Number of protein chains: 4
Amino acid sequence: MNVAIIGASGYTGLELIKLLITHPKFNISYIANSTGDINVQELHPCLKDVLNIEVSKANAKDISKVADIAFLALPHKTSMSFAKELLDLDVKVVDLSADYRLELDTYEKHYCEHEDKDHIKDSVYGLPEYYKNDIKDAKLIANPGCYPTASLLALLPFIEYIDTKAPIFIDAKSGVSGAGKNPSETTHFGQINENCHSYNPFKHRHMPEIQEKVRLLKNEEVSINFVPHLIPVTRGMLVSVYATLKNDINVSEILESTYKDSEFVRIREKPVDIKSTAGTNFCDIFAARNTNALFITSSIDNLLRGASSQAVVNANLLCGFDEGEGIPKIAYVP
Amino acid sequence: MNVAIIGASGYTGLELIKLLITHPKFNISYIANSTGDINVQELHPCLKDVLNIEVSKANAKDISKVADIAFLALPHKTSMSFAKELLDLDVKVVDLSADYRLELDTYEKHYCEHEDKDHIKDSVYGLPEYYKNDIKDAKLIANPGCYPTASLLALLPFIEYIDTKAPIFIDAKSGVSGAGKNPSETTHFGQINENCHSYNPFKHRHMPEIQEKVRLLKNEEVSINFVPHLIPVTRGMLVSVYATLKNDINVSEILESTYKDSEFVRIREKPVDIKSTAGTNFCDIFAARNTNALFITSSIDNLLRGASSQAVVNANLLCGFDEGEGIPKIAYVP
Amino acid sequence: MNVAIIGASGYTGLELIKLLITHPKFNISYIANSTGDINVQELHPCLKDVLNIEVSKANAKDISKVADIAFLALPHKTSMSFAKELLDLDVKVVDLSADYRLELDTYEKHYCEHEDKDHIKDSVYGLPEYYKNDIKDAKLIANPGCYPTASLLALLPFIEYIDTKAPIFIDAKSGVSGAGKNPSETTHFGQINENCHSYNPFKHRHMPEIQEKVRLLKNEEVSINFVPHLIPVTRGMLVSVYATLKNDINVSEILESTYKDSEFVRIREKPVDIKSTAGTNFCDIFAARNTNALFITSSIDNLLRGASSQAVVNANLLCGFDEGEGIPKIAYVP
Amino acid sequence: MNVAIIGASGYTGLELIKLLITHPKFNISYIANSTGDINVQELHPCLKDVLNIEVSKANAKDISKVADIAFLALPHKTSMSFAKELLDLDVKVVDLSADYRLELDTYEKHYCEHEDKDHIKDSVYGLPEYYKNDIKDAKLIANPGCYPTASLLALLPFIEYIDTKAPIFIDAKSGVSGAGKNPSETTHFGQINENCHSYNPFKHRHMPEIQEKVRLLKNEEVSINFVPHLIPVTRGMLVSVYATLKNDINVSEILESTYKDSEFVRIREKPVDIKSTAGTNFCDIFAARNTNALFITSSIDNLLRGASSQAVVNANLLCGFDEGEGIPKIAYVP
């Protein structure tokens, strides 16, 4: 199965390349970035002697001739216009941007006017634990954001036990690769190292994404109050969810039973850490209770489970392959 | 005014030495650790050509002859027996351990049997913003823990506006120096670097300390649910408090009016970070609101405001000096 | 082909496990550490849902029944007595310790009395680029140290052009995982983070190892002056070699021609970095010249090319497999 | 004594501010950056409640009215035209750029055409240990670069014992703050963290600076071969010098006798580290010998001894104050 990677210059583009090089069933037939005219080994020197392929300037028609599926690792806005072209040329799309993750109204409220209103309504939200059947039949998959992936996998099992009138708080800690590869004041080593701070508290665009998915999946209007933090870590994400319980529950049992058939969710008996999931598609989850106070903590690799490996899982499902085909399970530890 | 530092080997002991070397009114007349018989320059090579003094094996009688105040940077349990001796010899004590921070019952429930029941009831909790007058007249000051310092300064101004029937969540991120200088699996670079995890969720001993102080200061029984995290940072601490509001409030105004006369609390207009307080005695605070959801974030240097510089502030007040005498305000940034 | 891993608790033991789980031709039939009686998932929580096997207390007879090759990731001294037992039971051994790396005299001068004088003389030094044919026929392979691997691969191509009467300097920078998993003052986060220092300058045991191999391979007595440094990095190693040239040379051409057939050496046109090799078995090399001053810099993953993946390459060769079978080439970047 | 700081936005500008706030004899009367019209607390949020002064757009005439000395923390080229104006207005200048550090020929060979040929010949190189008397009478001080400061202090004591026909190698490891505050690919956290690499080997502009000063001070033409490396550290620098000795020497004695009267050089008995000097003006030095191979390692805070605190030492000397007036000696450790 031939696949194209569009947006190869960034971190998630590189992770897609790395995953697909060794994937037993996908073959990279096309790689593009915004300029083209460069070999992938120059773009990513770590690929020297590993992959030898020219990087093109992205062109939908060319892609439609050589690939069945395209992974789009593009900024939002850029992504929807390109996805539209590809879909009209019958190329299936796994979109890693925000462009198809939300219902139209929510999207336009938090991002901008949508330019592909036809396809947004048919897109499937690519969180395999909750949308597996829809993914199998989809043409367009909206790959979830990293924060919503870790937050939803932690929170969803407990919605029915939570007092949804009380605010739910999500305190997320993200590695800096989540801010992308472009240099900025935010990603300067001197600013990040030996530091930690929150940003956009209660205002991050992933907040409505989490809220909407809880409503769609659980039919509950919840008040998600999301506060992301940057920690001096390159890759990985830790999410801490705080909620008020309606009644006594056994938190471990609920987690175990929810995810007993999930290949890529591991329930832990101790608080999870980033290192055990970095390099893998696993989401590790641990929960604890103090009378009516609930704490759930989940860990993912923000670039893999929060982006590229989840995208490949979605592509696997889309093609009828095993969910875990070519998906990493062995962490980088130490 | 001659002062003694007992427990000079650890991180807080070193910070005390550093602060007192340059203090305009205190003179270090005695330094001790558990073994003695070493020069302070061997114990802390960074002090070469800076301070030349022998480190003794701690002895209360010797201290009483050469010092008016003793700073105890000792483990809990060890601290109370030594403090008792000193107090009986009329040496004033600023204790950095947990031994005199709590009411007797709370202490014995969470630590162990108390061996100095006489003095614990007269000790003053050394959080200057809330206990300044008591500190001035005290003989024994219990210096607050780092987590309670950052948590209480953030939380206390809002208690009357919070729905105290709902759980209050505190998500704290601490630098590794908080775990002390002794090597352990927890402090191994390979375990901390590129990692983040919570520990003892809802079970840390600083949880009852916070809860008790809210009750004593605000006459409110609150449900504090405390989850500490380790981040790959050497020094500094960031605390995020999440609570449910009873009504509409202007969070900035409340903070500004609470701390308008506080030399060492700075109210920020953007989320606080660790780097702006590391190296200082400042506590920076920022708050935000989303309908009835409240977020307060505070930042301190865990070894200074969370331990040694707060101890020196307390000693300043005890001696009738200015609160800020010899207390650092200029951060290490970058 | 069934293989055993002895010494599974440490970093190199874990890396061996990780490599062999996915190896297409080796099967892990036995894992041991010094205590046994634990599941590998408890020993290394990152392996949850990945590998399920009991860890035994190491026993040579048991190994001889279930494995054809044993990887020993043991401390020196411990290793030689165990290797001896295994070899006498006809189990082939890839030893990651120092015990068989040196000629007997050199070993006893720098380590201790040798307890397996029979086998040390038949051991083969497992640096595949220089000993490939010997490795293929070996029963006992002494896997090189991480510093010698990176240093020799950089230095050997230039020996004939270097003024060997002048000192050769090697300035090596190692990630902290090289110091092992046991907590110590040296590996404490507070000591390593924001720090850098050399240790044992001119006295490290890898210095005679490098010197001996240059003599054996190039028939030149050189003066190797080795200074290792610790940098605040978990995994990876950068080596900078400085030497005096006898005459004008084209450094790139020499490197290119030496390693043109080497699958796991990459010659770079810019100074190498750690990130491009971390996670792989590659050794990246770059060289520059300033009249008669030569600079060669090489980068490896200290736990892989410097230990575990090189060990598996050696096992591949020993078994007549392709050198690169199951050996990682895709770096962890970012 | 009123002083001006020009170039207040960068790291060295901030360090100058921090030093001069607490300096007992200097008073900051003017702060400028390239835009002006901002309060220093907005420019550097860590200064909130510490210093309240408007930042101007730099203007030489204004400065001449309010300050006797100006510290220029400007990029090279910008610096010389501004210094010229100030000198012509009788303001003394401590220039932290490269513009006056070299002889005219050397400068124009490695940088660009010089625009202030009048003053360059009268400038004094601000390395106090070697130019103290000249500094006292100077009007224009060229503050040395960070690499030359650490390299020269390590190397100079040994020049007469070194075989100057053999190449001298300097392997320097710098914290990232040396690359400045502007975001770039080089300073991106994802590029620096868990990484290490050399850059511009044998081509860095500090190489001729070191070479020239050895010639001027010791009357020896030496072959300096300089290779800088970036390490994942914010502040601090470690320099390792490798040279060939002509004869037997006692390295410690030579260091001790050279620097016995130097307040800010500490000779160490063990390899130096960055943490013991970070936050101070100290240069720590250690040396070792292996027959004719010499290793000298020095450590400084690149922003202080390598820039701002050395600039203030120079200003102290210029004004007839004590060298150590207001100069930090207490490291940030841990």
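Refer to the structure above for everything that follows.
The structure contained in this document is the topic of the report that follows. (Residues numbered from 1 in each chain as written. Chains lettered and ligands numbered in written order. Predicted model: local features only at pLDDT ≥ 70, side-chain atom pairs only at ≥ 80, totals over all residues. Heavy atoms only, no water.)

Thoughts on the overall build of chain A
Operational definition: Under the scheme used here, helices are H or I runs from DSSP no shorter than 4 residues and strands are E runs no shorter than 2 residues, and both carry numbers assigned from the N terminus. Computation of the radius of gyration draws on C-alpha atoms alone. For the globule rule, the value is 2.2 Å times the number of residues to the power 0.38. It only takes one pair of heavy atoms within 4.5 Å for two residues to be counted as in contact. In short, Shrake-Rupley with a 1.4 Å probe defines the accessible areas, and a residue's cover is counted only from the protein chains shown. His is not counted, nor are the chain ends, whereas Lys and Arg count as positive and Asp and Glu as negative. Charge positions are represented by NZ for Lys, CZ for Arg, CG for Asp and CD for Glu.
Tallying secondary structure elements over chain A gives 12 helices and 15 strands in all. Relative to a compact globule of 334 residues, whose C-alpha radius of gyration would be 20 Å, chain A shows 19 Å and is just as compact. Taking the principal axes of its C-alpha atoms as reference, chain A extends roughly 60 × 45 × 35 Å. Taking contacts inside chain A between residues at least 6 apart in sequence as the whole, the part at least 24 apart equals 69%. Entry remark: accessible area of chain A is about 11400 Å², with carbon and sulfur atoms responsible for 43%. If the 34 positive side-chain charges of chain A are averaged to one point and the 44 negative ones to another, these points end up 2 Å apart.

Topic: the relation of the copies chain C and chain D
Operational definition: We place the copies in one frame by least squares, fitting the C-alpha atoms of every residue whose pLDDT is at least 70 in both.
For the pair chain C and chain D, the best superposition has an RMSD of 0.0 Å and corresponds to a rotation of 180° with a translation of 0.0 Å parallel to the axis. A rotation of that kind, with that shift, is consistent with a two-fold axis. The position closest to the rotation axis in chain C is occupied by the C-alpha of C:P232, lying 3.2 Å away. Counting the interface residues of chain C, we find that 98% of their copies in chain D are interface residues as well, pointing to one common contact surface.

Focus on the interface of chain A and chain D
For the record, the criterion: Summed over both partners, the accessible surface that disappears when two parts come together, traced with a 1.4 Å probe, is what is meant by buried area. Here a salt bridge means any side-chain nitrogen of Lys or Arg lying within 4 Å of a carboxyl oxygen belonging to Asp or Glu. Any pair of nitrogen or oxygen atoms within 3.5 Å is treated as a polar contact; in protein, a donor-acceptor pairing is required on top of that, and neighbouring residues in sequence qualify only through side-chain atoms on both sides. Side-chain classes are defined by residue name, with Ala, Val, Leu, Ile, Met, Phe, Trp, Tyr, Cys and Pro counting as nonpolar, Asp, Glu, Lys and Arg as charged, and the others, Gly among them, as polar.
In this assembly, 17 residues from chain A lie in contact with 17 residues from chain D. Carbon and sulfur atoms supply 64% of the area that chain A and chain D bury against each other, a total of about 1300 Å² over both sides. By the criterion of area lost to chain D, the three top residues of chain A are A:P183, A:H188 and A:F189, representing 51% of everything that side buries. There are zero salt bridges connecting chain A and chain D. At the junction of chain A and chain D, the tally comes to six residue pairs in polar contact (both at pLDDT 80 or more). Broken down by element, the side of chain A that touches chain D gets its largest block of residues, three residues, from helix α9 (residues 189-192) of chain A. Counted by class, the side of chain A that touches chain D contains seven nonpolar, eight polar and two charged residues.

Side note on the interface of chain C and chain D
Accessible area lost upon the coming together of the parts is a frequently used measure of interface size. Opposite the 46 residues of chain C that make contact, chain D presents 45 residues. Buried area between chain C and chain D, both sides added, is near 3400 Å², and the carbon and sulfur share of it is 62%. For the pair chain C and chain D, the number of links is two salt bridges. The tally of links from chain C across to chain D stands at 26 residue pairs in polar contact (both at pLDDT 80 or more). Every element with two or more residues in the side of chain C that touches chain D is listed here: β9 (168-174), α9 (189-192), β10 (197-198), β11 (224-230), β12 (237-244), β14 (283-290) and β15 (293-300) of chain C. The class makeup of the residues in the side of chain C that touches chain D is 24 nonpolar, 14 polar and eight charged.

A short note on the side chain of B:H206
Residue and element names in this part refer to chain B. Stated precisely, the cut-off is as follows: Burial classes follow relative accessibility: with a 1.4 Å probe on protein chains only, a residue under 20% of its type's maximum area counts as buried, one over 50% as exposed, and anything between as partly exposed.
Turning to its location among the elements, H206 is positioned in helix α10 (residues 206-218). For H206, a relative accessible area of 10% translates into the label buried. Ignoring anything within four residues of it in the chain, the contact list for H206 reads R101, Y111, G145, C146, Y147, P148 and F226.

Some thoughts on the sheet that holds strand β5 (residues 69-72) of chain D
Residue and element names in this part refer to chain D. Here is the rule: A pair of strands is treated as paired once DSSP finds two or more bridges between them.
Pairing is mixed in the open sheet, where eight strands are placed in the order β3-β4-β2-β1-β5-β6-β8-β7. Strands at the two margins of the open sheet, each flanked by one partner only, are β3 (38-39) and β7 (124-125). Judged from the two bridges that link them, β7 and strand β8 (residues 140-142) form a sheet pairing that is parallel. Looking at β8, one finds that V124 is bridged to I141.

Section: the pattern of salt bridges
All names here are of chain C. Inspection of the entire model under this criterion finds 72 salt bridges over all chains. We note a salt bridge from R215 to E103, for which the minimum N-O separation is 3.2 Å. With R215 in helix α10 (residues 206-218) and E103 in the loop between β6 (92-95) and α5 (104-110), this pair connects stretches of sequence that are 112 residues apart. We classify E103 as partly exposed; its relative accessible area is 35%.

Here's the deal with the pairing of strand β12 (residues 237-244) of chain A
Residue and element names in this part refer to chain A. The element β12 is largely enclosed, with a buried count of eight among its eight residues. The alternating pattern of β12 places M237, V239, V241 and A243 on one face and L238, S240, Y242 and T244 on the opposite face, and all of these are buried. In terms of strand pairing, strand β9 (residues 168-174) meets β12 through six bridges, oriented antiparallel. Across the sheet, S174 pairs through a bridge with M237, a residue of β12. One ladder, built from eight bridges, connects β12 with strand β15 (residues 293-300); its direction is antiparallel. The partner of T244 across the bridge, within β15, is A293.

Examining the pairing of strand β6 (residues 92-95) of chain B
Residues and elements named next belong to chain B. What counts is decided by this rule: Look down the strands so they point away from you; if going from the first strand over the helix to the second traces a clockwise path, that crossover is right-handed.
Judged from the four bridges that link them, strand β5 (residues 69-72) and β6 form a sheet pairing that is parallel. Across the sheet, L72 pairs through a bridge with D95, a residue of β6. Each parallel crossover has a hand, and for β5 linked through helix α4 (residues 78-88) to β6 it is right-handed. Inspection of the sheet shows β6 paired to strand β8 (residues 140-142) by three bridges, in the parallel sense. By the bridge assignment, V93 is partnered in β8 with L140.

Notes on the sheet that holds strand β4 (residues 54-57) of chain B
All names here are of chain B. Cut-off, in case you're wondering: Convention adopted: a line fitted to C-alpha atoms gives each axis, helices being fitted over their contacting stretch, and angles between N-to-C directions are expressed from 0 to 180 degrees.
Taken in spatial order, the eight strands make up an open sheet running β3-β4-β2-β1-β5-β6-β8-β7, and their pairing is mixed. Edge strands, defined here as strands with exactly one partner in the open sheet, are β3 (38-39) and β7 (124-125). Packed on one face of the sheet, helix α12 (residues 308-318) meets β5, β6 and β8 and runs near 160° to β5.

Quick notes on the relation of the copies chain A and chain D
It takes a turn of 180° to lay chain A on chain D, together with a shift of 0.0 Å along the axis; the resulting RMSD is 0.0 Å. A share of 100% of the interface residues of chain A reappears at the interface of chain D, consistent with the copies meeting face to face through the same patch.

Brief notes about the side chain of B:T234
Residue placement: B:T234 occurs in the loop between β11 (224-230) and β12 (237-244). Take B:T234: its relative accessible area is 1%, and that puts it in the buried class. A polar contact is formed between the side chain of B:T234 and the side chain of C:N193, at a distance of 2.7 Å. Once residues lying within four places of it in the same chain are set aside, the contact partners of B:T234 are A:E194, B:G175, B:V176, B:S177, C:F189, C:G190, C:N193, D:K275 and D:P334.

Things to note about the environment of B:K203
For B:K203, the location among the structural elements is in the loop between β10 (197-198) and α10. Sequence-wise, B:K203 and B:V227 are 24 residues apart; in three dimensions their C-alpha atoms are separated by 8.0 Å.

Comments concerning the packing of helix α8 (residues 146-155) of chain B against α10(B)
Residue and element names in this part refer to chain B. Applicable threshold: If you view the pair so one helix is near and one far, a crossing is left-handed when the near helix is turned anticlockwise from the far one by less than a right angle, and right-handed when it is turned clockwise.
Orientation of α8 relative to α10, taken along the N-to-C sense of each, is 35°, at an axis distance of 9 Å. Considering only the axes of α8 and α10, their crossing is right-handed. Taking contact as the criterion, the partners of C146, Y147, P148, S151, L152 and L155 in α8 are, on α10, H206, E209, I210, K213 and V214. Split by residue class, the contact of α8 with α10 holds seven nonpolar, two polar and two charged.

Some remarks on a negative patch on the surface
Note the threshold: Patch criteria: residues need more than 30% relative accessible area and no salt bridge. Like-charged residues are merged within 9 Å; nonpolar side chains of Val, Leu, Ile, Met, Phe, Trp and Tyr are merged within 5 Å.
A cluster of acidic side chains, namely A:D37, A:E42, A:E54, C:E256 and C:E269, defines a negative patch on the protein surface. Tracing the backbone through its elements, the reader meets A:E42 in helix α2 (residues 40-43). With relative accessibility at 58%, the residue A:E42 sits in the exposed group.

Comments concerning the nonpolar core
Our working rule: What is meant by a nonpolar core is a set of buried Ala, Val, Leu, Ile, Met, Phe, Trp, Tyr and Cys residues, joined one to another through side-chain atoms within 4.5 Å.
The biggest cluster of nonpolar side chains holds 194 residues, and the ones touching the most others in it are A:F158 and B:F158. Apart from residues no more than four positions distant in its own chain, B:F158 is found in contact with B:I249, B:V251, B:I254, B:L255, B:A287, B:L294 and B:I296. Counting 193 residues, the second largest nonpolar core, distinct from the first, contains C:V227, C:F264, D:A8 and D:V55.

Things to note about the state of the cysteines
Note the threshold: Throughout, disulfides are identified as pairs of cysteine sulfur atoms within 2.5 Å of each other.
Across all of its chains, the model carries zero disulfides over all chains by this definition. With no disulfide partner, C:C112 has as its closest neighbouring cysteine sulfur the one in C:C146, 19 Å distant.

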